[in-house]
Amino acid sequence: MSGASRVRSMNAADSEARPVLGLAGNKALRSPGSRKSVSKPTRKAVKSKEEDKNGDQPSPSLHSFDVPSILRRQESLYSNLSLSASCSSDASTDSFHSSASTGRIYRMSSTSSRRKQLASKSKRIVSDDISDSSIDGLQSKKRCSWVTPNTDPSYADFHDEEWGVPVHDDKKLFELLVLCGALAELSWPSILCKRHIFREVFADFDPIVVAKLNEKKILAPGSTACSLLSELKLRAIIENARQMSKVIDEFGSFDKYIWSFVNNKPIVSGFRYPRQVPVKTAKADLISKDLIRRGFRGVGPTVVYSFMQVSGITNDHLISCFRFHDCVESAEAKEKDSNKDETEATKVDEAIEAEICRSIDDLSFSSE
């Protein structure tokens, strides 16, 4: 019974010690724990061999420690390992091909190659984006900082074409005054989207025609005008048209009246940063008080300063904006044109006076 039990224990030790009897490659596959557990029985086997040489009686466990059986076990172990390795490689290749057919890759080598491809692709995309953005940045014009790429296109066009350009037409001035007054209830993008409706309702902003409009029709429930602004603002527009017609009768045009506050020359602010642009100024406060004195409504200093910015009475484009110099040049061109008109008008007046003097002289000579 004791011999049989020792044989079973030795077989268990042999099953644990199988990798020790293999080649150096098999030893590398063992974990450190297995090395410590296997090293003890081998030392006992060496001691038992030394005892055989000395002539001592061997222990019953040494009779079961047969070298040919160990070699057979080693060969079977090698065959099993080679078979499992080949099976695992075949399975891995099969799984790789099957997964590759579905478009999903799970192998480490394939994932690494895919990562390299993605990295190179991302580098190409980034470089392409940078080149495209740099080209767009070079081609795009620099605007005021409050006009961003996300700005409504209508507002961007309004900035590029109208905002800050000197205006001298009475209809255009009245339109801009009405739109600036609407800023109390609407924003610039929404106002510009409804601009054609404003023009239809208010007769293309002719102040003389608007002054004669019937308030009951405009303020009737469900009318087009009521969908634009509140009743208070609509009444203010009609009243401002009436007062503007009076100013036109007094000064000859609203243009002469409003530009007289700045001596017919736009104020060039030359701001570098948007924080420098004010909401109102002393000049706007002065104009606002005079308009209110004349009976205008809804023309506070803030509204008046917005009107001055839009109509080009003041040039508040940042100096980094491409429209800054354009507005300055347009103001200078209009000033030259006005000077030419004044000189031509003076020449005509002088010619008329000369003709009158000649006719008077002729009459006096003929009477004599």
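These figures come from a predicted structure and were not determined experimentally. (Residues numbered from 1 in each chain as written. Predicted model: local features only at pLDDT ≥ 70, side-chain atom pairs only at ≥ 80, totals over all residues. Heavy atoms only, no water.)

Visitor: What is the right way to look at the nonpolar core in this model?
Guide: Looking at soluble globular proteins, one finds that nonpolar side chains tend to be buried together. Of all hydrophobic cores here, the largest spans 52 residues; its most connected members are Trp 188, Phe 254, Ile 258 and Phe 307. At the level of elements, helix 7 (153–161), helix 8 (170–181), helix 9 (188–193), helix 10 (195–201), helix 13 (231–251), helix 14 (254–259), helix 15 (282–293) and helix 16 (301–311) are the ones that each hand at least two residues to this core. Not counting residues within four places of it along the chain, the set of residues in contact with Trp 188 comprises Tyr 155, Phe 158, Leu 179, Cys 180, Leu 183 and Val 310. The next biggest cluster of nonpolar side chains, apart from the first, holds five residues, and it includes Phe 271, Val 277, Leu 318 and Cys 321. (Core = buried A, V, L, I, M, F, W, Y, C linked by side-chain atoms within 4.5 Å. Buried < 20%, exposed > 50% of the residue type's maximum accessible area, 1.4 Å probe, protein only. Helix = DSSP H or I, 4+ residues; strand = E, 2+ residues; numbered from the N terminus. Contact = heavy atoms within 4.5 Å.)

Visitor: Looking at this model, I keep getting lost on the UniProt feature "binding site: Zn(2+)" (unreviewed entry) in the chain. Mind explaining?
Guide: As annotated by UniProt and renumbered to match this structure, "binding site: Zn(2+)" (unreviewed entry) occupies Cys 144, His 159, His 317 and Cys 321. The named residues occupy 178 residues along the chain; their greatest pairwise C-alpha distance, 10.4 Å, places them in one compact cluster. With respect to the helices, strands and loops of the structure, His 159 is situated in helix 7. Residue His 159 is classed as buried on the basis of its relative accessible area, which comes to 2%. Ignoring anything within four residues of it in the chain, the contact list for His 159 reads Arg 143, Cys 144, Trp 146, Val 147, His 317, Cys 321 and Arg 323. For His 317, the position within the fold is in the loop between strand 2 (314–315) and helix 17 (322–367). (UniProt positions renumbered as here; feature names shortened; annotations may be inferred.)

Visitor: What's the story with unusual backbone geometry in this structure? I'm lost.
Guide: With a phi angle near 60°, Phe 205 is a residue other than glycine that sits in the positive phi range. Mapped onto the elements of the fold, Phe 205 is located in the loop between helix 10 and helix 11 (207–210). Here Phe 205 falls in the buried class, since its relative accessible area comes to 0%. Its identity as a non-glycine residue notwithstanding, Asn 263 has a phi of 60°, on the positive side.

Visitor: Sorry if this is basic, but what is going on with a nonpolar patch on the surface here?
Guide: Taken together, Val 348, Ile 352, Ile 356 and Ile 360 make up a surface patch of nonpolar side chains, about 350 Å² in accessible area. By secondary structure assignment, the location of Ile 356 is in helix 17. Among the residues examined, Ile 356 registers a relative accessible area of 44% and is labelled partly exposed. (Patch = residues over 30% accessible without salt bridge, like charges linked within 9 Å, V, L, I, M, F, W, Y side chains within 5 Å. Areas by Shrake-Rupley, 256 points an atom, 1.4 Å probe, with all protein chains shown as cover. Salt bridge = Lys/Arg side-chain N within 4 Å of Asp/Glu carboxyl O.)

Visitor: Would you explain the packing of aromatic side chains in this entry?
Guide: Ring pairs (aromatic) are described by centroid distance and by the angle formed between their planes. Counted according to the given criterion, the structure contains nine aromatic pairs. Taken together, a centroid distance of 6.4 Å and an interplanar angle of 45° make the contact between Phe 254 and Phe 296 tilted. Of this pair, Phe 254 sits in helix 14 while Phe 296 sits in the loop between helix 15 and helix 16; the two residues are 42 residues apart in sequence, bridging distant segments of the chain. Phe 296 matches Phe 254 in its accessibility class, with the two residues each being buried. Through a chain of ring-to-ring contacts, three or more aromatic side chains come together here, namely Phe 251, Phe 254, Tyr 257, Phe 261 and Phe 296. Across from the ring centre of Tyr 273, 4.5 Å away, lies the NZ or CZ of Arg 275, which sits over that ring. (Phe/Tyr/Trp six-rings, centres within 6.5 Å; stacked < 30°, edge-to-face > 60°. Lys NZ or Arg CZ within 6 Å of the ring centre and 35° of its normal.)

Visitor: What's the story with the packing of helix 15 against helix 16 in this structure? I'm lost.
Guide: Packed helices, taken two at a time, are described by the angle their axes make and the gap between the axes. Remark: helix 15 packs on helix 16, axes separated minimally by 8 Å, with the N-to-C direction vectors making an angle of 110°. The orientation of helix 15 relative to helix 16 falls into the category roughly perpendicular. Along this stretch, helix 15 crosses helix 16, giving a crossing that reads as right-handed. Facing helix 15, whose interface residues are Lys 283, Ala 284, Asp 285, Ile 287, Ser 288 and Leu 291, helix 16 presents Pro 301, Val 304, Tyr 305 and Met 308. Residue composition of the contact of helix 15 with helix 16, grouped by class: seven nonpolar, one polar and two charged. (Axes fitted to C-alpha atoms, helices over the stretch in contact; angles between N-to-C directions. Parallel < 35°, antiparallel > 145°, perpendicular 65-115°, else oblique. Left-handed = near helix turned anticlockwise from the far one by under 90°. Nonpolar A, V, L, I, M, F, W, Y, C, P; charged D, E, K, R; others polar.)

Visitor: Would you mind going over the confidence of the model for the chain with me for this structure?
Guide: The predicted coordinates ought not to be read in detail in places where the model reports low pLDDT. The pLDDT averaged across the chain works out to 73; a share of 57% of its residues lies at or above 70. Taken together, the stretch residues 1–42 has pLDDT below 50 and engages in 29 contacts with residues farther than four places along the chain or on a different chain. This stretch, residues 44–65, has a pLDDT under 50; its non-local contacts, to residues over four places away or in other chains, come to 13 contacts. (pLDDT = per-residue confidence, 0-100.)

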